[in-house]
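Spelled out from the first residue to the last, the chains are:
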Amino acid sequence: MSLQRITRFILSYALVGVVVAGAVVWLAPDVLNHGTTAPRPVEQQLMLSGDGLGVASYADAVASAAPAVVNIYTATRQPDPRNAFLETPQLQGLFDDLPADGGPPLDTSLGSGVVVSADGHVLTNNHVIQGAAEIQVLLADGRRTPAQLVGNDPESDLAVLRIEADDLPFSRLAPAEQMRVGDVVFAIGNPFGVGQTVTQGIISALGRSELGLTTFENFIQTDAAINPGNSGGALVNTDGEIIGINTAIFSRSGGSMGIGFAIPAALARAVFNDIIDHGRVIRGWIGIQIQDSPIQQGVRVAGILPGGPSDQAGLQIGDIITRLEGTPVAGVTDLLNRITDRDPGSEVRLTGRRQDQSVQWTVRIAERPPAMGQRRPQQPPGR
């Protein structure tokens, strides 16, 4: 074979190799990384995550809920007139209509709320409006309107207000509870009076109780920043549904430390419906004080109201309640919630022990008395 033919043979195969290599680089660049998949840019990861339709922005979810979140300003008669919030521009002029009756100077405070019906019902925290002589609501579109108290429930720290305005934006509470730890959420409110603000985080825990914040506790815990002024605002999921009412933070500095609590929509809805329908929250009650039993499963009776339902049923201080309708009692919160869910007038069967003897009691449920701080509504209840 001549040198010319050999050279031509080598060059032709080299050309084929170059063409093949170019095709591989163009069509499948990942295989050059020693057979492994090369990491994609962040933008590609977002677009290809999950079912291939990943989310790069949650603006639509926020836009769905934010118009219904309002700022709430209250005026209360206090002996000390000094208050830093009086210097906040958003507060100036909000309470010019209050009569000058010569009483103590006005103290102003702020919070948030959520319009949850087309006819102007607003859900907020009870501590936001507690003791208020005047309540003003500032809508997300800039309109200002006075608010009336429909009813409040100190034991869940919820209150319902009513405002009058046309074309009110509103957002209903989430109809189904399918929350999971790790779900992305947004807190919308009015922190420090700066105006409507959105913060993002995740659900850190569910069912938080025995925190000493309210009588009835079943909080959503989140690391979405919640600061003073956020109370009563909305906790929103990525579908724009309101899954909770922001209520409190754990903080040593007064600012957010990544531990915030919200009342879940299911509890908020139940309180709202009772206040609208009856002007108050109706709960079952059996007239005892209980504490967790230190020596066995169940709760110990620590106090009994003379003449109350438990007294009439024969319970005594020191009795241990272990079961309700045959189902074990896990602790104080468990028994409290299960009793309050019962309708007044119904009967419930309790099982337990008195010293070394097994005992059973049949207790007729009464209506739980109003809590301290519960106020009469300024208007009759009604949807």
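If you're wondering where the values come from, they're calculated on a predicted model, not measured in any experiment.

Procedures and definitions
- Residues numbered from 1 in each chain as written.
- Predicted model: local features only at pLDDT ≥ 70, side-chain atom pairs only at ≥ 80, totals over all residues.
- Heavy atoms only, no water.
- Salt bridge = Lys/Arg side-chain N within 4 Å of Asp/Glu carboxyl O.
- Helix = DSSP H or I, 4+ residues; strand = E, 2+ residues; numbered from the N terminus.
- Buried < 20%, exposed > 50% of the residue type's maximum accessible area, 1.4 Å probe, protein only.
- Contact = heavy atoms within 4.5 Å.
- Core = buried A, V, L, I, M, F, W, Y, C linked by side-chain atoms within 4.5 Å.
- Expected span 1.5 Å × (residues − 1).
- Pairing = 2+ DSSP bridges.
- Axes fitted to C-alpha atoms, helices over the stretch in contact; angles between N-to-C directions.

## Quick look at the pattern of salt bridges
Under the counting rule described, the total for this entry stands at 10 salt bridges. Salt-bridge contacts for Glu-367 lead to Arg-280; the nearest nitrogen and oxygen are separated by 2.8 Å. In this pair, Glu-367 is assigned in strand 20 (residues 366-367) and Arg-280 in the loop between helix 5 (265-278) and strand 13 (284-285), connecting sequence segments 87 residues apart. A residue is classified by how much of its surface remains accessible, and Arg-280, at 33% relative accessible area, is partly exposed.

## A few points about the environment of Ile-339
Assignment of secondary structure puts Ile-339 in helix 7 (residues 332-340). Along the backbone, Ile-339 and Ile-365 are 26 residues apart, and their C-alpha atoms lie at a distance of 7.9 Å. If we ignore the near neighbours within four places in the chain, the residues touching Ile-339 are Gly-284, Trp-285, Ile-286, Leu-324, Val-348 and Ile-365.

## Observations regarding the nonpolar core
Val-114, Leu-123, Leu-158, Val-160, Leu-173 and Ile-188 are the most contacted members of the largest nonpolar core, which totals 28 residues. Residue assignment for this core shows that the elements contributing at least two residues are helix 3 (59-65), strand 6 (158-163), strand 7 (184-189), strand 10 (234-237), strand 11 (242-249), strand 12 (260-264) and helix 5. Take this core: its biggest share by element is 6 residues, from helix 5. In this structure Leu-173 touches Val-116, Leu-123, Ile-242, Ala-265, Ala-268 and Arg-269, once residues within four positions along its chain are discounted.

## Overview of helix 5
With 14 residues, helix 5 extends 20 Å from end C-alpha to end C-alpha; this agrees with the ideal 20 Å at 1.5 Å per step. What helix 5 keeps buried is the set Ala-265, Ala-268, Val-271, Phe-272, Asp-274, Ile-275 and Ile-276. Where helix 5 is buried, its residues meet strand 3 (121-124), strand 5 (144-153), strand 6, strand 11 and strand 12. Where helix 5 terminates, the next one or two residues include Gly-279, which has phi positive at roughly 80°.

## Digging into helix 7
Those residues of helix 7 not exposed but buried are Leu-335, Arg-338, Ile-339 and Thr-340. Lining the buried residues of helix 7 we find strand 13, strand 14 (288-292), strand 15 (299-304), strand 16 (320-324), strand 17 (327-328) and strand 18 (347-354).

## What about the pairing of strand 18?
Note that strand 16 and strand 18 share 4 bridges and pair antiparallel. Counterpart to Leu-324 in the pairing with strand 18 is Leu-350. Pairing between strand 18 and strand 19 (residues 357-364): 8 bridges, direction antiparallel. Residue pairing for strand 19: Thr-351 is matched across the bridge by Gln-360. Between strand 18 and strand 19, which pair antiparallel and follow one another directly, the connecting turn spans 2 residues, one of which, Gln-355, has a positive phi of 55°.

## Some thoughts on the sheet that holds strand 11
Spatial ordering of the closed barrel is given by 7-8-9-12-11-10, a layout of 6 strands whose pairing is antiparallel. On average, each strand axis in the sheet is tilted by 45° relative to the strand beside it, whichever way the strands run. Judged from the 5 bridges that link them, strand 11 and strand 12 form a sheet pairing that is antiparallel. Looking across to strand 12, one finds that Ile-249 is bridged to Gly-260. Along the sheet, helix 5 makes contact with strand 11 and strand 12, crossing strand 12 at roughly 50°.

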